[in-house]
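# Residue-level structure breakdown
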Number of protein chains: 2
Amino acid sequence: MEIVKESLILERKGVKPTANRILVLRTMLAASHPISLRELVMLLETMDKSSIFRVLNIFSVHHIVHAIEDGSGTIKYEICSGEKFCSIHDMHTHFYCEVCHQTFCFKNIHIPEIQLPEGFFMDSINYMVKGVCAKCSRKPASK
Amino acid sequence: MEIVKESLILERKGVKPTANRILVLRTMLAASHPISLRELVMLLETMDKSSIFRVLNIFSVHHIVHAIEDGSGTIKYEICSGEKFCSIHDMHTHFYCEVCHQTFCFKNIHIPEIQLPEGFFMDSINYMVKGVCAKCSRKPASK
DNA sequence: TCCTGTATGCAATCGGGTTGCATTTTTTTG
DNA sequence: CAAAAAAATGCAACCCGATTGCATACAGGA
């Protein structure tokens, strides 16, 4: 329950730990799923959307979070798992439920690797599965 | 070089072959890469954006094209390869070049399958690799 | 304390995607 | 074949997430 846990994370990645940045990081750590800018705006009433946006950008550059596109149209952000940076082997599969519009992390399902053609260099991979999640597939029509 | 090739494709998939739809389909067949609505608007000066948009939607529903999200922020559309519909096994890997902003199809690299957790059902998969393409990696700074 | 660079909030803008509605075109029907 | 109905299209407007310009607030160093 250290108060400064977030500060340490930020400093270790070379980001000055301002109050807002700690706030964003703490909120994202508490969230159990990849989170959108919109959600963060709702959760952080004290912060402006643009400030959150800029914090997320800084976090991305410094490999504190990475963006995932789940096909919902809005970008989701997720805390990087690796200490140094996110390598392919740290990346995992994501699942987007078309019913409840939630994005799930399958942390234990790593992305299968492929062999790229000559001359192509990889920066990141996104393995997105769309469908219906366990909860929504259980209750057919709960509108 | 059959004039009615596109018509046949459309009819086989249950879509009435109007002039505009044939036009869109022909343009997409001619394009060697997944194409965005924006590109289609530029290529098809006679058609309105909303009309192209609606044609693409109809095509999607009838499995003539499918949408892929390459992480560029704009949706790309690609002709379905399968006769009947696009199954997982028809799906292939895509590559988005962060330099030239083009999306490539690796038609011969099929998406490796994963095992979903209990209760999760799959509709579609997107396997997106981001990085630098062969052409852009050859010429370092050609701005 | 003063100065400088960074961080932040506010408001405006941008752009892709989408929709409402009137018009045109096609199909159906008498 | 003409009238009526249905489908397709174009135009303009709208929605909404993402992004930026700018003025202010703040932190750290001289």
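An account of the accompanying structure is given in this report. (Residues numbered from 1 in each chain as written. Chains lettered and ligands numbered in written order. Predicted model: local features only at pLDDT ≥ 70, side-chain atom pairs only at ≥ 80, totals over all residues. Heavy atoms only, no water.)

Let's shift gears to the sheet that holds strand β5 (residues 103-110) of chain A. On the basis of which strands lie adjacent, the open sheet formed by six strands has the order β5(A)-β4(A)-β6(A)-β6(B)-β4(B)-β5(B) and mixed pairing. The open sheet is flanked by β5 of chain A together with β5 (103-110) of chain B, the only strands paired with a single partner. Recorded for the sheet is a direction-independent mean angle of 30° between the axes of neighbouring strands. Of the pairings in the sheet, the one linking strand β4 (residues 92-97) of chain B to β5 of chain B comprises five bridges and is antiparallel in character. By the bridge assignment, F95 of chain B is partnered in β5 of chain B with F104 of chain B. (Pairing = 2+ DSSP bridges. Helix = DSSP H or I, 4+ residues; strand = E, 2+ residues; numbered from the N terminus. Axes fitted to C-alpha atoms, helices over the stretch in contact; angles between N-to-C directions.)

Residues and elements named next belong to chain B. Taking 1.5 Å per residue, 12 residues should reach 16 Å; helix α2 (residues 19-30) reaches 16 Å between its end C-alpha atoms and fits that length. For α2, the set of buried residues is R21, I22, V24, L25, T27 and M28. Close packing links the buried residues of α2 with α1 (5-12), β1 (35-36), α3 (37-43), α4 (49-61), β2 (65-69) and β3 (75-79). (Expected span 1.5 Å × (residues − 1). Buried < 20%, exposed > 50% of the residue type's maximum accessible area, 1.4 Å probe, protein only. Contact = heavy atoms within 4.5 Å.)

It is worth spelling out the interface of chain B and chain A at this point. Opposite the 33 residues of chain B that make contact, chain A presents 33 residues. Linking chain B with chain A are two salt bridges, by the criterion used here. As a salt-bridge pair, K130 of chain B and E69 of chain A come within 3.2 Å of each other at their nearest N and O atoms. For the interface between chain B and chain A, the tally reads 14 residue pairs in polar contact (both at pLDDT 80 or more). Residue assignment for the side of chain B that touches chain A shows that the elements contributing at least two residues are β4, β5, β6 (121-132) and α5 (134-138) of chain B. (Salt bridge = Lys/Arg side-chain N within 4 Å of Asp/Glu carboxyl O. Polar contact = N/O pair within 3.5 Å; in protein donor to acceptor, adjacent residues only side chain to side chain.)

The next subject is the sheet that holds β1 of chain B. Residue and element names in this part refer to chain B. What the three strands build is an open sheet, ordered β1-β3-β2; its pairing is antiparallel. Every other strand in the sheet has two partners, leaving β1 and β2 as the edge strands with one partner each. Relative to β3, β1 runs antiparallel, the two being bridged by two bridges. In the sheet register, I35 faces β3, and the bridge partner there is Y77. Along the sheet face, α2 touches β1, β2 and β3 and points at about 90° away from the line of β3.

With that out of the way, let us pick up the protein's contact with DNA strand C. Near DNA strand C you find 18 residues, and of these R21, S51 and R54 of chain A together with R38 and F53 of chain B are the closest. S51 of chain A is positioned such that a nitrogen or oxygen atom in its side chain is 2.4 Å from a phosphate oxygen of DNA strand C. Take K49 of chain B: an N or O atom from its side chain is 3.3 Å from a base nitrogen of DNA strand C. Counting only elements with at least two residues in the surface near DNA strand C, the list comes to α2 (19-30) and α4 (49-61) of chain A together with α3 and α4 of chain B. Of the residues forming the surface near DNA strand C, the biggest block, four residues, is contributed by α4 of chain B. A class-by-class count of the residues in the surface near DNA strand C yields three nonpolar, seven polar and eight charged. (Near = heavy atom within 4 Å. Nonpolar A, V, L, I, M, F, W, Y, C, P; charged D, E, K, R; others polar.)

The pair of chain copies shares a relation made of a rotation about an axis and a shift along it. When chain B is fitted to chain A, the best match, at an RMSD of 0.2 Å, comes from turning it 179° and sliding it 0.0 Å along the axis. Taken together, the rotation and translation describe the operation of a two-fold axis. The position closest to the rotation axis in chain B is occupied by the C-alpha of Y127 of chain B, lying 2.3 Å away. A share of 100% of the interface residues of chain B reappears at the interface of chain A, consistent with the copies meeting face to face through the same patch. (Least-squares fit on C-alpha atoms with pLDDT ≥ 70 in both.)

By the definition in use, this model includes one cavity of 30 Å³ or more. By volume, the largest cavity amounts to about 100 Å³. Lining the largest cavity are 14 residues, with E69, N126 and M128 of chain A together with E69 and M128 of chain B sitting closest to its centre. Those elements that place two or more of their residues in the lining of the largest cavity are β6 (121-132) of chain A together with β6 of chain B. In terms of residue count, the dominant contributor to the lining of the largest cavity is β6 of chain A (five residues). A per-class count over the lining of the largest cavity returns three nonpolar, five polar and six charged. (1 Å grid on protein atoms, 1.4 Å probe; cavity = no way out; pocket = protein on both sides within 12 Å on 5 of 7 lines; lining within 4 Å. Points joined across faces, edges and corners; volume = space filled by probe spheres on them.)

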